[in-house]
Amino acid sequence: MDLGRITTPLTSPILGPLSLVAYRRVSSTTLAELAAGYRMGEIRLVTARPDDPVASLPIAAPDGGVATWLTWTPARPGDVMLERFLWAVIAIAVLFSGIFIFIVQRLRASAIQIALREREIHRLAGQDELSGLPNRRSFDIALDTALSKAESPEGGLAVLLIDLDRFKAVNDTYGHIAGDDLLRQVAQRLLGLVSPGDVVSRFGGDEFGIIQSRSPTPARTATLAGSILDSLTEPFQVQGVEITIGCSVGIASAPRDGTDRQTVLRLADTALYEAKNGGRNRYAVFQQQMNRSLQVKRMVEDDLRNAIERDELQLHYQPQVSADGLTIVGVEALVRWPHPRHGMVPPSEFIGIAEERGLIMPLSEWVLRRACTEAQRWPGLRLAVNVSPIQFRHKDFVANVLRIIEETGFDPTRLELELTEGVLIEDADAAEAAMMDIRAQGVGLALDDFGTGYSSLIYLRRFAFDKIKIDRIFLEYMEATGESAILVHSMAHLGCALGLRVCAEGVETAEQHRFLQAVGCHELQGFLFSKPVPPAQIDQLLLQEKPFAQILAAA
Ligand code: C2E
Ligand code: CA
Ligand code: CA
C-alpha cells in the first residue's frame, strides 16, 4: 500500500508519546516488526474506521481525505500485566522468603537453645548427659570434699582412673551410636562394683574416675581394680553384636601420695600411663619410681627433636634366622637413643611420645634412611623396618619410602616393612591403596605382633601380607599353659595355609625353638639367637658360617 511519507505523533498507553514513521511501502512484515519494536500487540492497516479512537490513526490520502486507518492493539496484555505487577510480585516473593528464612532460623535457634539449656541443666546438675553419672566437675567437687577430711582416721581415699582400650576402634567399626551404648553399659557395670559412698564419674570420652572412700586398705583397692578389669573385659552386647574391649586403671591414694586434688589426680594419671605402657588390661598403683617415667616423658618431649636433628639416635639390628636356627636370613632394625643423662632409652619409652608430639615422621624417616644405608653391606639379608600407624597414615608415606629407597640405592626387594593391625583398622581403604603402591615396588609387608590385635583373620584375607610375626606374648606363656602352645600351633598353620611366611618372635629357649620348628615356622627371632646388636656385631656374626651352632648344640 502506498502511504506517502508521514510522521505522526503517537501515544502509547504504556510507553508515552512515540513517533511512528511510516514509509511509502509498508509490508505486513514491516508492520509486525514495528509492533514488536514498540512492544505492541499488532499493527494493521484497515479501510474502515476502527471503533477505538485511541488505538488508531487516520492516514490522509493526497486529496486530504482519509485513505486508510492505521490501527494497533496497544500492548500485549501479558506484558502490561507483567510490567504493572512484576515489581509487586518480586517484592512479595522477597518478603515471603524473608519471613520463611526468619521463621526457620528462629526455629533452629530455639532448638539449639533448648539443647544447650538441657546440657547446661545437666552440667549444673553435675551430670554427664550420656551416662547419667556425675561429670568431671562434680567429681572434682566430691574429691575436694573428700580430701579435706583425708587426714582424719576414716578419711583416707583412693582415686582410680579408668581408660578403655580399643574404644576408638569400636566407635570406628560400629559407629557412634554403638559407642555411646557401650559407654552406658560400662557406666552401669562400674556402678555395680563400687560400695555405697564411692563416686563413679565419667570424665568424657572413654575415661572414667572412681573415688573409693572410707580409708580403703591397699588390698581393698586392689580388689576393686581387679574386679573392674574382670568386669570390663567381659564381652558387651551392643546392638546385637558381641564386643570385647579392655581397660587400664591407674591408682593413687590420699593422704599417702598427696592431699590436694591436683597432686592425687596427676599421680593416678602417672600410674594409668604406666598401666597402659605395661601392656594395657592391667592396673597400676602409683609408686615413686614411676616419677622416673614421667621425667623420661618430659625429657623425651624436650630432647627428641634435637636428638633426631643431631643424628644422636642409633639403630640396633636383631637377626632373624631360618627355622633350623643355622642361617641368618634377615635383620630387624630397632631404634635406640643413647641419652647423655638417662642412658640407653628403649623405643617403648619414646615412640609413643614421638607419635603424640608430631615427631614420628622425622624419626621414621631417619630410621628408614639409616637402616637402608647400613644394611647395604649385608647383601644377602632382608631388612625389616617397623612402621608406626601414624607414619603409615600420613599422606606422603608411600612417596617418602620410595624417595628414601631411591636416595640410598637400597634394593626394594630386600626391604620388608612391619605393620601392626592398628595401621589397618582406621581407614582400611586408604591402607589397602598404600600397601598396593608399596608392594608394586617390590617391598615386602609383614604383619607384626600377630595374634594380639582386633580381628587378624579379616586383615590376613584382605591385605596382601607376605609374612606374619607371631607376637612374643604367646611364647612367654607357652610353657606355663598348654593353651598358648595350641594358639601358636594354629597361627603357624593358618599362616602356612595362606601361603605366608611365618616368623616367631621372642624365642628365648631351646624348647621353644624345637616346638616352633616342629609346627612349621619359617623364621625365628629372639634372645636365644641374639639380642638386637649394633651393626658391627652383625658383621661379626655374618663372618661365621653357622653363627648359632654352638648355642644350639649347648641347649
Ligand atoms: P617389635 O617390633 O615387636 O620389636 C621386637 C621387640 O622385642 C624389640 O624390643 C626386641 O628387643 C624385643 N625382643 C626380641 N627378642 C626378644 C626376646 O627373645 N625376648 C624378649 N623379652 N624381647 C625380645 P625393642 O627394641 O625394645 O622394641 C620395642 C618396640 O618398639 C618394637 O616392638 C617396635 O614396635 C617399636 N620400635 C622399635 N624400633 C622402632 C622403629 O624404628 N620405628 C617404630 N615405629 N617402632 C619401633
Ligand atoms: Ca617389629
Ligand atoms: Ca613384634
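Preceding this paragraph is the structure being described.
My aim in this report is to walk through the structure given alongside it, one point at a time.

Calculation notes
Residues numbered from 1 in each chain as written. Chains lettered and ligands numbered in written order. Predicted model: local features only at pLDDT ≥ 70, side-chain atom pairs only at ≥ 80, totals over all residues. Heavy atoms only, no water. Core = buried A, V, L, I, M, F, W, Y, C linked by side-chain atoms within 4.5 Å. Buried < 20%, exposed > 50% of the residue type's maximum accessible area, 1.4 Å probe, protein only. Helix = DSSP H or I, 4+ residues; strand = E, 2+ residues; numbered from the N terminus. Contact = heavy atoms within 4.5 Å. Axes fitted to C-alpha atoms, helices over the stretch in contact; angles between N-to-C directions. Parallel < 35°, antiparallel > 145°, perpendicular 65-115°, else oblique. Nonpolar A, V, L, I, M, F, W, Y, C, P; charged D, E, K, R; others polar. Near = heavy atom within 4 Å. Polar contact = N/O pair within 3.5 Å; in protein donor to acceptor, adjacent residues only side chain to side chain. Donors = N, O, S within 2.8 Å, 3.2 Å for Na, K, Ca; no water. Pairing = 2+ DSSP bridges.

Judged by nonpolar contacts, the single largest core of 81 residues is most densely connected at L383 and L417. The greatest single-element share of this core, amounting to seven residues, is contributed by helix α10 (residues 360–374). Apart from residues no more than four positions distant in its own chain, L383 is found in contact with Y317, V331, A333, A371, C372, A375, F410, R414, L415 and E416. Core analysis: the next-biggest nonpolar cluster, separate from the first, contains 29 residues, F167, L182, V186 and I228 among them.

Turning our eyes to something else, we now look at the packing of helix α4 (residues 167–174) against helix α5 (residues 176–193). α5 packs onto α4 with a crossing angle of 140° between their chain directions and a minimal axis gap of 7 Å. Judged on the interaxial angle alone, α5 and α4 are oblique. Contact residues: F167, V170, N171 and Y174 in α4; H176, A178, G179, L182 and L183 in α5. Taken together, the residues that form the contact of α4 with α5 break down as six nonpolar, three polar and no charged.

Moving on, we get to the site of ligand 1. Of all residues adjacent to ligand 1, which total 20 residues, the nearest are Q318, R336, N386, E508 and F527. Contact between ligand 1 and Q318: a nitrogen atom at 2.9 Å from a side-chain N or O atom of the residue. In this structure, an oxygen atom belonging to ligand 1 sits 3.4 Å away from a side-chain N or O atom of D449. Secondary structure elements with two or more residues in the shell around ligand 1: β14 (328–339) and β18 (444–450). Counting residues per element, the shell around ligand 1 draws most heavily on β14, at four residues.

To continue, consider the coordination of the calcium ion (ligand 3). Coordination of the calcium ion (ligand 3) by the protein is provided by D448 (OD), D449 (OD), E505 (OE) and E505 (OE), with metal-donor distances spanning 2.1 to 2.5 Å. One chain supplies every donor to the calcium ion (ligand 3), and in sequence these donors are spaced D-D-x55-E. Metal-to-metal, the separation of the calcium ion (ligand 3) and the calcium ion (ligand 2) is 4.0 Å; D448 coordinates the two. Of this pair, D448 sits in strand β18 while E505 sits in strand β20 (residues 501–505), placing them 57 residues apart in sequence. Among the residues examined, D448 registers a relative accessible area of 7% and is labelled buried.

This part covers the sheet that holds strand β4 (residues 56–60). The antiparallel open sheet is built from three strands, whose spatial order is β3-β5-β4. Here the strands that pair on one side only, and so sit at the sheet edges, are β3 (42–46) and β4. The mean inter-strand angle of the sheet, taken between neighbouring strand axes irrespective of direction, is 20°. Relative to strand β5 (residues 66–73), β3 runs antiparallel, the two sharing five bridges. Bridge assignment links V46 to a residue of β5, and that residue is W69. On the sheet, helix α1 (residues 28–37) packs against β3 and β5 and is oriented at approximately 140° with respect to β3.

Once that is clear, we can look at the pairing of strand β6 (residues 157–165). The buried fraction of β6 is high, at nine of nine residues. Neither face of β6 is exposed, since L157, V159, L161, D163 and D165 on one face and A158, L160, I162 and L164 on the opposite face are all buried. Pairing of β6 with strand β11 (residues 246–254) involves nine bridges; the strand directions are antiparallel. Bridged to D163 within β11 is S248. Inspection of the sheet shows β6 paired to strand β8 (residues 207–212) by six bridges, in the antiparallel sense.

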